[in-house]
Amino acid sequence: MRTSKVRAAIELLPGQVIASFGRTYRVELANGLQVECATRGKRSDVACGDRVQIQHSGDNSGVIDSILPRVSLLYRSDAHRQKLIAANVTQVLIVVAPIPSFYDDLISRCLAACEHANIRARILLNKTDLAEASLASAALDIYRQLGYSVLSLSAKQSIAALQEALQNEVSVLVGQSGMGKSTIVNQLAPEARLRVAETSLALDSGRHTTTGARLLHINEATDLIDSPGLQSFGLHHLDQQETAHAFVEFRPWLGQCRFRDCTHRTEPGCAIQAACLEQKISTVRIQSYRTLIEELLRAKAHRFD
Ligand SMILES: Nc1nc2c(ncn2[C@@H]2O[C@H](COP(=O)(O)OP(=O)(O)OP(=O)(O)O)[C@@H](O)[C@H]2O)c(=O)[nH]1
Ligand SMILES: [Mg+2]
Ligand SMILES: [Zn+2]
């Protein structure tokens, strides 16, 4: 008797990645079932929020077969690889707090990544119950002047200020460790019961309590993603021109420098440096821009070593 060589067509099920831990993902199917999935081979380009097709093995496990087209992708990158943060988000909330103190450089890098990915970015100042909050809020004026909206709240007291901003959006919370991202998500979706740092982080720089990204459904039209604390934010996927363009206040001056390939650092006849001297561009921002360009140039020099 001849054995049939025709394999039954593999049935693929659509779902959404609602958690990513290293190379393991939790996928939620249309019927609400949650399946722990691996990827094929060494594939690691799946992000929390991705719409995927999975091959379900019957028990609670499966394999991600393909990723459906994305509306957006937020990621960072070093010289060698991309590090995905979240997919299909409509806005990014950069969470900062008075304590631990925040780094302007990290804010500018997050903002630049959002500009490049075409995702709206907002800044969220948490822990306004702390005495240092007014100083922290004043330090955020640079970003208000650039047109970014800054929301303020104390997750320990009330998250009411955030509810309207989140409604009908898929948002991801990003930022340094210890800023209170998971605390905010727990207030909005108590059933999430995310692990938060147990003791207050007085002068600590954070403890990296969250290790993977998690997506929570706040209501039918509103999703929120918690992500692990960031220590660095490489932007090697942006070239020199794209980096300058990602700094929104540079745009009016781009194309007006003496040299077409001006890196806006030490070249004569540079419109960006002139704007900086006239205090139309803040030093904090130009410093971040320059560090990024230097990182790019260093990586390029290494490639030609
Ligand atoms: N005073 C005060 N403390 C807060 C507030 N929100 C969060 N915290 C505290 O800040 C610490 C860090 O909170 P987490 O929610 O774990 O911070 P995270 O940003 O998720 O940190 P990672 O997961 O490491 O990135 C905890 O001790 C929280 O209790 C707030 O509004 N006010
Ligand atoms: Mg956390
Ligand atoms: Zn220039």
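Owing to the predicted nature of the structure, the values given are computational and were not obtained by experimental measurement.

1. Brief notes about the environment of Ser77
- With respect to the element layout, Ser77 can be found in strand E6 (residues 73-77).
- Assessed through its relative accessible area of 5%, Ser77 is described here as buried.
- For the pair Ser77 and Asp45, spaced 32 residues apart in sequence, the C-alpha to C-alpha distance is 12 Å.
- Setting aside its immediate chain neighbours within four residues, Ser77 contacts Gln82, Lys83, Gly234, Leu235, His236 and His237.

2. Some thoughts on the packing of helix H1 (residues 104-117) against helix H8 (residues 283-303)
- Put simply, H1 and H8 touch, their axes get as near as 9 Å, and they point 70° apart. Judged on the interaxial angle alone, H8 and H1 are roughly perpendicular. Handedness of the crossing formed by H1 with H8: right-handed. Across the interface between the two elements, Asp104, Asp105, Ser108, Arg109 and Leu111 from H1 touch Val284, Arg285, Ser288, Thr291, Leu292 and Glu295 from H8.

3. A look at the pattern of salt bridges
- Per the counting criterion, the structure on display carries 12 salt bridges.
- Note that Glu36 is salt-bridged to Arg26, the shortest N-O span being 2.8 Å. In this pair, Glu36 sits in strand E3 (residues 34-39) while Arg26 sits in strand E2 (residues 24-29), placing the two residues 10 residues apart along the sequence.
- Ionic pairing is found between Arg40 and Asp65, a salt bridge with its closest N-O pair at 2.8 Å. Linking Arg40 in the loop between E3 and strand E4 (51-56) with Asp65 in strand E5 (residues 61-67), this pair joins segments that are 25 residues apart in sequence.
- On the basis of relative accessible area, Arg40 is assigned to the partly exposed category, the value being 40%.
- Relative accessible area serves as the criterion here: at 27%, Asp65 is assigned to the partly exposed category.
- If you follow the salt bridges from partner to partner, you end up with Asp105, Arg109 and Glu295 in one network.

4. Structural notes on the site of ligand 1
- For ligand 1, the set of nearby residues contains 25 residues, the closest of which are Asp129, Ser177, Thr183, Thr209 and Thr210.
- One of the backbone N or O atoms of Ala155 is found 3.0 Å from an oxygen atom in ligand 1.
- Note that an oxygen atom of ligand 1 is positioned 2.9 Å from one of the backbone N or O atoms of Gly229.
- Burial of ligand 1 by the protein amounts to 96% of the accessible area it has alone, namely 660 Å².
- Of the residues belonging to the shell around ligand 1, the class tally is 7 nonpolar, 14 polar and 4 charged.

5. Comments concerning unusual backbone geometry
- With an omega dihedral of -10°, the bond running from Ile99 to Pro100 counts as a cis peptide bond.
- Tracing the backbone through its elements, the reader meets Pro100 in the loop between strand E8 (91-96) and H1.
- One non-glycine residue, Asn88, adopts positive backbone phi at about 65°.
- Within the secondary structure, Asn88 is located in the loop between strand E7 (82-87) and E8.
- Phi is positive for Asn118, close to 60°, though the residue is something other than glycine.

6. Structural notes on the coordination of the magnesium ion (ligand 2)
- Looking at the magnesium ion (ligand 2), the protein donor atoms are Ser182 (OG) and Thr210 (OG1), and they sit 1.9 to 2.1 Å from it. Taken together, the positions of Ser182 in helix H5 (residues 181-188) and Thr210 in the loop between H5 and strand E12 (213-219) put the pair 28 residues apart, joining distant regions of the chain. Considered together, Ser182 and Thr210 belong to a single accessibility category, that of buried residues.

7. Some thoughts on the confidence of the model for the chain
- The predicted model of the chain averages 92 in pLDDT, with 94% of residues at 70 or higher.
- For the stretch residues 1-7, pLDDT sits under 50, and the model shows 0 contacts to residues farther than four places along the chain or on other chains.

8. What to know about the pairing of strand E11 (residues 170-174)
- With respect to burial, E11 is a largely interior element, 5 of its 5 residues being buried.
- Across the two faces of E11 the burial is the same, with Val170, Val172 and Val174 and Ser171 and Leu173 all buried.
- In terms of strand pairing, E8 meets E11 through 4 bridges, oriented parallel. Residue pairing in the sheet places Val92 in a bridge with Val172 of E11.
- In the sheet, E11 pairs with strand E13 (residues 222-226) via 4 bridges, with the strands oriented parallel. Among the inter-strand pairings, Val172 is bridged to a residue of E13, identified as Ile225.

Each value, and the rule that gives it
Residues numbered from 1 in each chain as written. Chains lettered and ligands numbered in written order. Predicted model: local features only at pLDDT ≥ 70, side-chain atom pairs only at ≥ 80, totals over all residues. Heavy atoms only, no water. Helix = DSSP H or I, 4+ residues; strand = E, 2+ residues; numbered from the N terminus. Buried < 20%, exposed > 50% of the residue type's maximum accessible area, 1.4 Å probe, protein only. Contact = heavy atoms within 4.5 Å. Axes fitted to C-alpha atoms, helices over the stretch in contact; angles between N-to-C directions. Parallel < 35°, antiparallel > 145°, perpendicular 65-115°, else oblique. Left-handed = near helix turned anticlockwise from the far one by under 90°. Salt bridge = Lys/Arg side-chain N within 4 Å of Asp/Glu carboxyl O. Near = heavy atom within 4 Å. Polar contact = N/O pair within 3.5 Å; in protein donor to acceptor, adjacent residues only side chain to side chain. Areas by Shrake-Rupley, 256 points an atom, 1.4 Å probe, with all protein chains shown as cover. Nonpolar A, V, L, I, M, F, W, Y, C, P; charged D, E, K, R; others polar. Donors = N, O, S within 2.8 Å, 3.2 Å for Na, K, Ca; no water. pLDDT = per-residue confidence, 0-100. Pairing = 2+ DSSP bridges.

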